[in-house]
2 protein chains.
Amino acid sequence: MTYCVGVVLDDGMIFASDSRTNAGVDNFAAFCKMSVFEQAGERVIVLLSSGTLAGTQAVISLLKQRASAAQNSSKSTQAITGTSFSMAMSTPAEQPSLWNVKTMFDAAMLVADAMREIDRRDGKYLEKSGLEFNASFILGGQIKGEAMRLFRIYAEGNFIEAGLSTPFMQTGETKYGKPIIDRMITPKTSLADAAKCVLVSFDSTMRSNLSVGMPIDLICYKKDSLQIDMRRRFDDGDSYIATLRSEWSDGVREVFSRLPSLVW
Amino acid sequence: MTYCVGVVLDDGMIFASDSRTNAGVDNFAAFCKMSVFEQAGERVIVLLSSGTLAGTQAVISLLKQRASAAQNSSKSTQAITGTSFSMAMSTPAEQPSLWNVKTMFDAAMLVADAMREIDRRDGKYLEKSGLEFNASFILGGQIKGEAMRLFRIYAEGNFIEAGLSTPFMQTGETKYGKPIIDRMITPKTSLADAAKCVLVSFDSTMRSNLSVGMPIDLICYKKDSLQIDMRRRFDDGDSYIATLRSEWSDGVREVFSRLPSLVW
């Protein structure tokens, strides 16, 4: 399983993903599910993936390879750091890629096209084993000249965009961690509070589903900054997560103990 | 959808169920999902149902009809109140029924047999429409001479019993309301606290899933009392539920606001 959350606020965006992948309980591993396409001053695009690893990796590799080809064809410099692609300059290129699409809507279309391409390639072979192409994404960010935007792209490649009434998207094991987000997050919520809320939401999810696990990757993106200044990975035993967990647990118990009992 | 919870504690048991049934969002209604077989001083058996209404109603009707036949054959008096069957005296009878089984395990077997009987009767017709028999139950209570026991019976008729490590069972839309139960309920929890917790769990579930809805039926059973002294139906606008909801919401917000923010 997986748990990914994207939030779009008046002040910025939050992206978070867990790292556990598993094919049965005796076969699990940690893979980063967050891919970042950052071109400082020009665009920040974040992709959170859920689904079978073969499917999501294929889609992301295709997107990266095409983005890389677009960059090479425009002779600009590219720096790859972990799962982040960053570049210093704008790179106009002919082939559409995440480096040159003009809007986040076009970025979502590009991701959907890549998903459908992989499905066309792999789908019929998966079908033979009773499986299906199963990858879905949360895509969000900002391209210069446009507002921040947040999408959820389904396995079929169609997608929805977050709005004022529902400023967040979740994928994977979404239910355990949804009540706290429902209660706390509105577009007016501060970046700091939303980050805190999303981490509490991860804590609730990890308590209830073993197939969602640390490390957690988190990005807080400040509106119009067009670069990522706040990115952090929380590993097992992280002291901030431990503090959140224990203070939240103690606080909730205290609130519960103050609730009036039913009189019969 | 549905939400039902059964809890077995050192001091007693809690049973709770919502009342919403729906076949599409334009076709919903309220049906009580709690059936009680009570024979004061001798047995209290509570059945919470989830699944398609035709399936669960057929199973319960079959169980009630057989219980009634068993009673009539023993010439004792039977009083039917709503979905409660109660009788004043013990009723030994030949045909096994919920009035005469000796243990809660046998009661669970009886429910499972009724489910399989209905499945045999209806299953092949449902199959023609691409449907399947879909009824599952939480069964719990106490029969004189035995400890309190709590079972979850799957649609296939097999079942599991709650134990010290997991003293509760949920069916239906279980995820939204599970974190609070996971945090709060152990076998040592008092009946009053467990009832409160289960109601908070219903509140979280109803906030997140429209197909779970009021009224909520609640029973608190005191260990070894062998009768139900605390049973209540909470309708829309119930003042206790409203208080729980607002105090819980305010309290959780307050705890959240006190949590430390992440320092970058």
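In the block above lies the structure referred to throughout.
Our subject in this report is the structure included herewith.

Parameters and conventions
- Residues numbered from 1 in each chain as written.
- Chains lettered and ligands numbered in written order.
- Predicted model: local features only at pLDDT ≥ 70, side-chain atom pairs only at ≥ 80, totals over all residues.
- Heavy atoms only, no water.
- 1 Å grid on protein atoms, 1.4 Å probe; cavity = no way out; pocket = protein on both sides within 12 Å on 5 of 7 lines; lining within 4 Å.
- Points joined across faces, edges and corners; volume = space filled by probe spheres on them.
- Helix = DSSP H or I, 4+ residues; strand = E, 2+ residues; numbered from the N terminus.
- Nonpolar A, V, L, I, M, F, W, Y, C, P; charged D, E, K, R; others polar.
- Contact = heavy atoms within 4.5 Å.
- Buried area = accessible area lost by both parts, 1.4 Å probe.
- Salt bridge = Lys/Arg side-chain N within 4 Å of Asp/Glu carboxyl O.

### What to know about empty space enclosed by the protein
Counted by the stated rule, this structure contains two cavities of 30 Å³ or more. Looking at the largest cavity, it is lined by 14 residues, and the ones nearest its centre are Pro179(A), Trp248(A), Pro179(B), Ser204(B) and Trp248(B). Contributing elements (two or more residues each) for the lining of the largest cavity: helix H3 (178-184) and helix H5 (239-258) of chain A together with helix H3 (178-184) and helix H5 (239-258) of chain B. Volume-wise, the second largest cavity comes out at about 40 Å³. In this structure, the second largest cavity is lined by Leu199(B), Val200(B), Asp203(B), Ile241(B), Leu244(B), Arg245(B) and Trp248(B). Where the lining of the second largest cavity is concerned, the elements lending two or more residues are helix H4 (191-208) and H5 of chain B. If one sorts the elements of the lining of the second largest cavity by residue count, H5(B) sits on top with four residues. Grouping the amino acids of the lining of the second largest cavity by side-chain chemistry returns five nonpolar, no polar and two charged.

### Let's talk about the interface of chain A and chain B
Buried accessible area, meaning the area lost when the parts come together, often serves as the stated size of an interface. Listed by partner, the interface residues are 44 residues for chain A and 44 residues for chain B. Taken together, both faces of the contact between chain A and chain B bury some 4300 Å²; the carbon and sulfur share is 65%. On the chain A side of the interface with chain B, the three residues burying the most area are Arg183(A), Phe256(A) and Trp264(A), jointly 21% of the side's total. On the surface where chain A and chain B come into contact, there are six salt bridges. Linking Arg183(A) and Asp203(B) is a salt bridge whose minimum nitrogen-to-oxygen distance equals 3.9 Å. Taken together, the elements giving at least two residues each to the side of chain A that touches chain B come down to H3, helix H4 (191-208), strand E13 (216-222), strand E14 (230-234) and H5 of chain A. Here the side of chain A that touches chain B takes 14 residues from H5(A), the largest share from any one element. Grouping the constituent residues of the side of chain A that touches chain B by class yields 22 nonpolar, seven polar and 15 charged.

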